[in-house]
Amino acid sequence: MAAEVSFGVASPSGPRTVSIAYERLGAGEPLLLLHGIGHHRQAWDPVLQILAAEHDVIAVDLPGFGESPALPDGLAYGLPTIVPALAAMCDALEIERPHVAGNSLGGLLALELGREKRVRSVTALSPAGFWTAAERRYAFGTLLAMRRGARLLPPPVIERLSGSAAGRTALTSTIYARPWRRSPEAVVAETLALRHAAGFVATLTAGRDVLFRDDVPDLPVTVAWGTRDRLLLRRQGIRAKHTIPGARLVRLPGCGHVPMNDDPALVARVILDTCR
């Protein structure tokens, strides 16, 4: 069950209240989980119980995604807003320097939190921000096509498609290498999450000029990339390693862009190894 936390975030027009939905379970050192654009916190469900056996796990819906409301007027989507909002959320929940694992957009946010020394360790799974201009255009075009499809398909059609392995493949093969492993209920929920994501367009627009150029020194950092990532191509992991020389670069064999579903045991092990 989701809980919600609200807190103040500075804006050019004065403080604004941001609310974030989250799920929290387990015990131990805190571990923050951040999903990708158009997704929701349930992307982490395949690894949640494994991680919660060792950690106090906080899986969040980013503002404007999942069950989290859109940002209030006066706050623009983008790193200068979302990164301080996540730090403020941790303060509101009395979480001091959590470990953080993020996927795609969440991986970029995790690295930014690491760069600002707000976390103890960073695991970035196929993080955004290491693309060339052509790779970014390809990824954004693919994401927009997925969003269009989610908005055009009536919910009864989404439910019918999700009932078969072929239908789940048609809906989610862009992000999963093994889409048939996803349950019908999960595919319906994540397709509707993409359909209704209030922050999708503004977040995508804000990402047009994003490149991660800074090192993240004095912190355990793992960058992991699926060998079958069709959205952010795995050669971007090499660029990430050049940018963050001290990072551990891990190959995720047979995994797609959202690897938690494709190989939960491997992804959980990579995250836990980084936290240790």
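Residues numbered from 1 in each chain as written. Predicted model: local features only at pLDDT ≥ 70, side-chain atom pairs only at ≥ 80, totals over all residues. Heavy atoms only, no water.

Peer 1: What exactly am I supposed to notice about helix α3 (residues 105-115) here?
Peer 2: One full turn of an α-helix is made of 3.6 residues, so residues set three or four places apart face in the same direction. α3 sits mainly inside the fold: ten of its eleven residues count as buried. Taken together, the buried positions of α3 are Leu105, Gly106, Gly107, Leu108, Leu109, Ala110, Leu111, Glu112, Leu113 and Gly114. The elements touched by buried residues of α3 are β3 (29-34), α2 (79-92), β5 (99-103), β6 (122-125), α8 (200-206) and β7 (221-226). One or two positions beyond α3, positive phi appears at Lys117, with a value near 60 degrees. (Buried < 20%, exposed > 50% of the residue type's maximum accessible area, 1.4 Å probe, protein only. Helix = DSSP H or I, 4+ residues; strand = E, 2+ residues; numbered from the N terminus. Contact = heavy atoms within 4.5 Å.)

Peer 1: Teacher, can you tell me more about helix α9 (residues 236-243) here?
Peer 2: Listing the buried residues of α9 in full gives Gln236, Gly237, Ala240 and Thr243. End-on, the buried residues of α9 take up no more than an arc of 115 degrees, which puts them together on one face. Along its buried surface, α9 packs onto α4 (133-152), β7 and β8 (248-252). (Arc of directions from axis to C-beta.)

Peer 1: Would you explain the sheet that holds strand β1 (residues 3-9) in this entry?
Peer 2: Strand pairing in a sheet is mediated by backbone hydrogen bonds. Such pairs are either parallel or antiparallel. With mixed pairing, the eight strands of this open sheet are ordered in space as β1-β2-β4-β3-β5-β6-β7-β8. Among the strands making up the open sheet, the edge pair consists of β1 and β8. The sheet shows a mean angle of 25 degrees between the axes of neighbouring strands, direction not considered. Inspection of the sheet shows β3 paired to strand β4 (residues 55-60) by six bridges, in the parallel sense. Bridge assignment links Pro30 to a residue of β4, and that residue is Asp56. (Pairing = 2+ DSSP bridges. Axes fitted to C-alpha atoms, helices over the stretch in contact; angles between N-to-C directions.)

Peer 1: In this structure, what is going on with unusual backbone geometry? I would like to understand it.
Peer 2: For Ser104, which is not a glycine, the phi torsion comes out positive at approximately 60 degrees. Non-glycine residue Ser126 carries a positive phi angle of around 45 degrees. Counting through the fold element by element, Ser126 comes out in the loop between β6 and α4. Among the residues examined, Ser126 registers a relative accessible area of 0% and is labelled buried.

Peer 1: How should I be thinking about the packing of helix α5 (residues 155-162) against helix α7 (residues 184-196) in this particular structure?
Peer 2: Helices that pack against each other are described as a pair by the angle of their axes relative to one another and the distance between those axes. Two numbers describe how α5 lies on α7: the axes approach to 8 Å, and their chain directions differ by 145 degrees. Between α5 and α7 lies a crossing whose hand is right-handed. In this structure, α5 uses Pro155, Ile158, Glu159 and Ser162 to contact α7, whose residues at the interface are Pro184, Val187, Val188, Thr191, Leu192 and Arg195. (Left-handed = near helix turned anticlockwise from the far one by under 90°.)

Peer 1: Could you clarify how one ought to interpret the packing of aromatic side chains in this entry?
Peer 2: Here a ring pair, both rings aromatic, is described through the centre-centre distance and the interplanar angle of the planes. Taken as a whole and assessed by the stated rule, the structure comprises two aromatic pairs. Between Trp131 and Phe140, the ring centres sit 5.4 Å apart and the planes meet at 90 degrees, which makes this aromatic pair edge-to-face. (Phe/Tyr/Trp six-rings, centres within 6.5 Å; stacked < 30°, edge-to-face > 60°.)

Peer 1: What exactly am I supposed to notice about the pairing of β6 here?
Peer 2: Within a regular beta strand, the side chains point alternately toward one face of the sheet and then the other, so they alternate between its two faces. Of the two faces of β6, the one holding Val122 and Ala124 and the one holding Thr123 and Leu125 are both buried throughout. With four bridges connecting them, β5 and β6 associate as parallel partners. Residue pairing in the sheet places Val100 in a bridge with Val122 of β6. In this region the chain leaves β5, passes through α3 and returns to the parallel neighbour β6; the handedness of that crossover is right-handed. Bridge analysis of β6 against β7 gives four bridges, and the strand direction is parallel. In the sheet register, Leu125 faces β7, and the bridge partner there is Ala224. (Right-handed = clockwise from strand over helix to strand, strands pointing away.)

Peer 1: How should the side chain of Arg168 be read in this particular structure?
Peer 2: Mapped onto the fold, Arg168 is located in helix α6 (residues 165-172). Summary of buried charges: Arg168 has no salt-bridge partner, and the nearest side chain of opposite charge, Glu185, is 7.7 Å away. (Lys, Arg positive; Asp, Glu negative; His and termini not counted. Salt bridge = Lys/Arg side-chain N within 4 Å of Asp/Glu carboxyl O.)

Peer 1: I tried to follow the pairing of β5 on my own but got confused; where do I start?
Peer 2: Burial analysis of β5 places five of its five residues in the buried class, the great majority of the element. Residues His99, Ala101 and Asn103 of β5 are buried on one face, and the alternating residues Val100 and Gly102, pointing to the opposite face, are buried as well.

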